[in-house]
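Chain by chain, the residues run as shown.
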Amino acid sequence: MSLPSPSFPRPPQDDGGAGSGQDQTPEGGRVLVAAPRGYCAGVDRAVDVVEKALELYGPPIYVRKEIVHNKYVVETLSERGAIFVQEVDEVPEGARVVFSAHGVSPQVVAAAQERHLATIDATCPLVTKVHREAVRFAREDYDIILVGHQGHEEVEGTFGEAPDHIQVVGSPDEVDSVTVRDPSRVVWISQTTLSVDETRQTVDRLRERFPELTDPPSDDICYATQNRQVAVKSIAPDVDVMIVVGSANSSNSVRLLEVALDAGAGSAHRVDRASELREEWFEGAQTVGVTSGASVPEVLVRDVIAWLKERGLTHVEQVRTETETTTFALPRNLRMELKKSGLIDARPHAPRQSGANHTH
Ligand code: SF4
């Protein structure tokens, strides 16, 4: 059984598929394409997990929640035989289920065990790192402030590691309602896909209330989220309109929109795909910025750039602020089975394209 060639091409490291420096029409409007953008290492791995599982076991492969928050990815994997469910009780007893990149709580793992499901955990290792921090600080009996968005799957998963110790705080304003047992034993941790600047404000407010607040051992907002925000900030002051490609439920994509506006973009719009672009957004625009969230395949960005070129914005330039080289190995149980079947070689997981977008 083999799958069609990957449907989520990553851009080359040099120009991200943007055609940097190739279209120099002086009189045309300008498109500035932020880099890094698009796939991060965790998304690349999670999508690969589902593709490889389909190849190895054949459809259907059940996936709890959207594997990553992107409509196109979910639709494409559904066409190949992935079945997306909300909860494990929708998966037939004994079947195989993949946990999404956003992670799951221990309660979900237990529910899967009860149903004798074979599980493959595609949780991003950087989310797992935050889970471990929650477990450790709860064991040390800290009150844990989880900065993040209530209701987001990642936050639900992390919260579930230590519900008796964790309070979720979504914004600086929510800090006032936090109550703790001992102000000298309070630690903050965070969702991986937040706005760096807003999180700093929330933590500053927390520290005003709890001067002995303990920091997490390292940044919880992941490298990919941070890099995409830095990249979008670098072009935002120069653009009349910023287009963020990404789905409405993608936290890091929505943050890119906010960051672009805060950094000076004239206006900003989020679209899932080029067909959602509206002519009137670009009236009078000389410079348009383009970026994409960490769960967005490059093909969707290329479509947006093509749409803009057709409307006279012919000079396309990529602006790179960072080069990314992070990759994550496939989950161990899947890797072993793939190896046994001769479906992978010695390398545990190789991004389909190296560099910034591998491009997760
Ligand atoms: S955005 Fe960050 S935490 Fe989320 S999957 Fe990508 S690398 Fe992992």
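Residues numbered from 1 in each chain as written. Predicted model: local features only at pLDDT ≥ 70, side-chain atom pairs only at ≥ 80, totals over all residues.

### Overview of the overall build of the protein
- Tallying secondary structure elements over the protein gives 10 helices and 12 strands in all.
- In the protein, which comprises 360 residues, the share counted as buried stands at 48%. (Helix = DSSP H or I, 4+ residues; strand = E, 2+ residues; numbered from the N terminus. Buried ≥ 20, exposed ≤ 12 C-beta atoms within 10 Å, placed from the backbone.)

### A short note on the confidence of the model for the protein
- Across the protein, pLDDT averages 91, with 88% of residues at or above 70.
- The model gives residues 1-26 a pLDDT under 50, and that stretch makes 58 contacts with residues more than four places away or in other chains.
- Low pLDDT (under 50) marks residues 353-360, which in the prediction has 47 contacts with non-local residues, meaning those over four places away or in another chain. (pLDDT = per-residue confidence, 0-100. Contact = placed C-beta atoms within 7 Å.)

### As for the environment of Thr225
- Its place among the elements puts Thr225 in helix α7 (residues 223-235).
- If near-sequence neighbours (up to four positions away) are discounted, Thr225 is found in contact with Thr192, Thr193, Asn252 and Ala294.

### Things to note about the sheet that holds strand β8 (residues 186-190)
- One open sheet accounts for 3 strands, arranged β7-β6-β8; its pairing is parallel. On the outer flanks of this sheet lie β7 (166-169) and β8, each paired with one strand and no other. Here the average twist between neighbouring strands, direction ignored, is 30 degrees.
- Relative to β7, strand β6 (residues 143-147) runs parallel, the two sharing 4 bridges. In the sheet register, Ile145 faces β7, and the bridge partner there is Gln167.
- Contacts between helix α4 (residues 125-139) and the sheet are confined to β6, β7 and β8, with β8 contributing the most and set at about 165 degrees to the helix. (Pairing = 2+ DSSP bridges. Axes fitted to C-alpha atoms, helices over the stretch in contact; angles between N-to-C directions.)

### Some thoughts on the nonpolar core
- Membership of the largest hydrophobic core comes to 62 residues, with the highest contact counts inside it found for Ala46, Val49, Val50, Ile67, Val98 and Ile144.
- Top contributing element to this core by residue count: helix α1 (residues 41-57), with 8 residues.
- Counting residues in hydrophobic clusters, the runner-up holds 34 residues, among them Val31, Val33, Val245 and Leu313. (Core = buried A, V, L, I, M, F, W, Y, C linked by C-beta atoms within 7 Å.)

### Digging into the sheet that holds strand β9 (residues 241-245)
- In spatial order, the strands read β10-β9-β11-β1-β12; together these 5 strands make up an open sheet with parallel pairing. Here the strands that pair on one side only, and so sit at the sheet edges, are β10 (267-271) and β12 (315-320). For this sheet, the mean inter-axis angle between neighbouring strands, taken without regard to orientation, is 25 degrees.
- As defined by bridge partners, strand β1 (residues 30-35) adjoins strand β11 (residues 287-292) across 4 bridges and the pair is classed as parallel. When the sheet's bridge partners are listed, Val33 is paired in β11 with Val290.
- Across the sheet, α7 touches β1, β11 and β12, and the angle it forms with β1 is around 155 degrees.
- On top of the sheet, helix α9 (residues 298-310) reaches β1, β9, β11 and β12; it is set at about 170 degrees to β11, its chief contact.

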